[in-house]
Amino acid sequence: MKLILKYFPDLTEDQIEKFTLLEALYQDWNLKINVVSRKDIDELYLRHVLHSLAIAKVIQFKDGSQILDVGTGGGFPGIPLAILFPECSFHLVDSIAKKLKVVNEVVEGLGLTNVKTTHSRVEDTKGTYDFIVSRAVAAMPTFVHWIKGKVAKEQKHDLKNGILYLKGGDLTEELKDYKTTTIYNISDYYEEDFYDTKKVVHLPLKFRG
Ligand SMILES: C[S@@+](CC[C@H](N)C(=O)[O-])C[C@H]1O[C@@H](n2cnc3c(N)ncnc32)[C@H](O)[C@@H]1O
């Protein structure tokens, strides 16, 4: 929790309580349904929570924003972002039901009212969003194909509507056809070695109605 406060010192009491509660909820639920690896659960704040929140170093979602988390798994990056932005709506989608079971239990345990979950492949869901966030789900070309038509027309932010993807390593080949991407190095925000090669990739996408 100290780690979160190191980079997000202005959290409210309610947010601090929720971020603190996360650990016990994940420890408990992960014993019943394994959604986070053992090693990762011991470093939940470094590897999952703070990593998810790197998106908030790139953009401050405005109140009322709609955000889709594709392939949320155990709830990353969606749940930490939903705690940080309580006035935004988060839609967490995953095609594996048992993962969403954990997400739903964590959402309920935290009393988060701004999170909706759907058990489905994202291609089969409807809705439009200001931003589509994700981590470790698919290579960019596949991902862009899946989320076609899901970007909202109205722009509320300086950063253009589109994808905010947490990725790592050398992305030259994967992103070569996406000239409009901006890559933000997470190591510019966080000093821990874990983030040395990690990035937030922003890909603006036009509304296609
Ligand atoms: C490696 S896990 C990553 C989970 C989480 N985003 C994280 O970083 O901890 C990939 C997740 O994407 C989900 N997934 C893969 N393809 C999907 C699709 N087309 N629609 C929805 N979920 C999908 C899988 O079920 C799995 O839970």
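What comes next concerns the included structure. Throughout this description, residue numbers start from 1 for each chain and increase along the sequence as written. In keeping with the predicted nature of the model, local features appear solely for residues at pLDDT of at least 70, side-chain atom pairs appear and are counted solely at 80 or more, and the whole-chain, interface and lining totals rest on all residues.

Let's talk about the overall build of the protein chain
A tally of regular secondary structure across the protein chain gives eight helices and seven strands. Taken over C-alpha atoms, the radius of gyration is set against a globule rule of 2.2 Å times the number of residues to the power 0.38. Computed over C-alpha atoms, the radius of gyration of the protein chain comes to 16 Å, within 12% of the 17 Å expected from 2.2 N^0.38 for 209 residues, which places it in the range of a compact globule. Its C-alpha atoms put the protein chain at 40 × 35 × 30 Å along the principal axes. Burial status across the protein chain gives 35% buried among its 209 residues. Labels follow the DSSP assignment, with helices taken as runs of H or I lasting at least four residues and strands as runs of E lasting at least two, numbered in each case from the N terminus. Counts of 20 or more other C-beta atoms within 10 Å of a residue's own C-beta define buried residues, counts of 12 or fewer define exposed ones, and intermediate counts define partly exposed ones; C-beta atoms are placed from the backbone.

Re the pairing of strand 7 (residues 198–204)
The pairing criterion for strands is at least two bridges between them, as found by DSSP. Where strand 5 (residues 162–168) lies against strand 7, seven bridges are found, and the strand directions are antiparallel. Considered in strand 7, the bridge of Ile163 is made with Leu203. Bridging between strand 6 (residues 182–185) and strand 7 involves four bridges; their strand directions are antiparallel. Across the sheet, residue Tyr184 finds its bridge partner in strand 7, namely Val200.

Describing the site of the ligand
Taken together, 18 residues surround the ligand, and among them Gly71, Gly73, Phe76, Val122 and Arg135 come closest. Note on residue classes: Ala, Val, Leu, Ile, Met, Phe, Trp, Tyr, Cys and Pro are nonpolar, Asp, Glu, Lys and Arg are charged, and everything else, Gly too, is polar. Split into classes, the residues belonging to the shell around the ligand amount to eight nonpolar, five polar and five charged. The C-beta atom of each residue is placed using the backbone, and any residue whose C-beta lies within 6 Å of a molecule or strand is treated as near it.

As for the pairing of strand 1 (residues 66–70)
Of all five residues that make up strand 1, four are buried, and the element is covered over most of its length. Each parallel crossover has a hand, and the one from strand 1 via helix 6 (residues 78–84) to strand 2 (residues 89–94) is right-handed. Strand direction decides the pairing type here: strand 1 and strand 4 (residues 131–135), joined by four bridges, are parallel. In the sheet register, Asp69 faces strand 4, and the bridge partner there is Val133. Place the viewer so that the strands point away; then a crossover is right-handed whenever the path from the first strand over the helix to the second strand goes clockwise.

So, the nonpolar core
Each nonpolar core reported here comprises buried Ala, Val, Leu, Ile, Met, Phe, Trp, Tyr and Cys residues connected via C-beta atoms within 7 Å. Judged by nonpolar contacts, the single largest core of 47 residues is most densely connected at Ile67, Leu81 and Ile132. Residues are treated as contacting if the C-beta atoms built from their backbones sit within 7 Å of each other. Apart from the residues within four sequence positions on either side, Ile67 is in contact with Phe61, Leu81, Cys88, Phe90, Tyr129, Asp130, Phe131 and Val133.

Notes on the environment of Val151
Here Val151 lies in the loop between helix 8 (140–146) and strand 5. You can call Val151 buried: it has 21 C-beta atoms within 10 Å. When the C-alpha atoms of Val151 and Phe207 are compared, they prove to be 5.4 Å apart, with 56 residues separating the residues in sequence. Among all residues touching Val151, those that are not within four sequence positions of it are Thr128, Tyr129, Asn161, Gly162, Leu205 and Phe207.

Concerning helix 7 (residues 97–110)
Helix length check: helix 7 (14 residues) gives 20 Å between terminal C-alpha atoms against 20 Å at 1.5 Å per residue, within 8%. Restricting attention to buried positions, one finds in helix 7 the residues Lys99, Leu100, Val102, Val103, Val106 and Val107. Buried residues of helix 7, seen end-on, are gathered within an arc of 155 degrees and therefore sit on one face of the element. Of the exposed residues in helix 7, those oriented more than 90 degrees away from the buried face are Ala97 and Glu108. The length a helix should cover is 1.5 Å for every residue beyond the first. What the arc measures is the spread of directions leading from the helix axis to the C-beta atoms.

Some remarks on unusual backbone geometry
The peptide bond linking Phe76 to Pro77 adopts the cis configuration, its omega dihedral lying at 5 degrees. As for its position among the elements, Pro77 is in the loop between strand 1 and helix 6. Within the chain, Ala136 stands out as a residue other than glycine whose phi angle is a positive 60 degrees. With respect to the helices, strands and loops of the structure, Ala136 is situated in the loop between strand 4 and helix 8.

Overview of the sheet that holds strand 2
Taken in spatial order, the seven strands line up as 3-2-1-4-5-7-6 in an open sheet, and their pairing is mixed. For this open sheet the edge positions go to strand 3 (115–119) and strand 6, each flanked by a neighbour on one side alone. Here the strands of the sheet are splayed against their neighbours by 20 degrees on average, with no regard to which way each runs. Each axis is a line fitted through C-alpha atoms, taken for helices only over the stretch in contact, and angles between the N-to-C directions span 0 to 180 degrees. Sitting on the sheet, helix 7 is in contact with strand 2 and strand 3, with an inclination near 165 degrees to strand 3.

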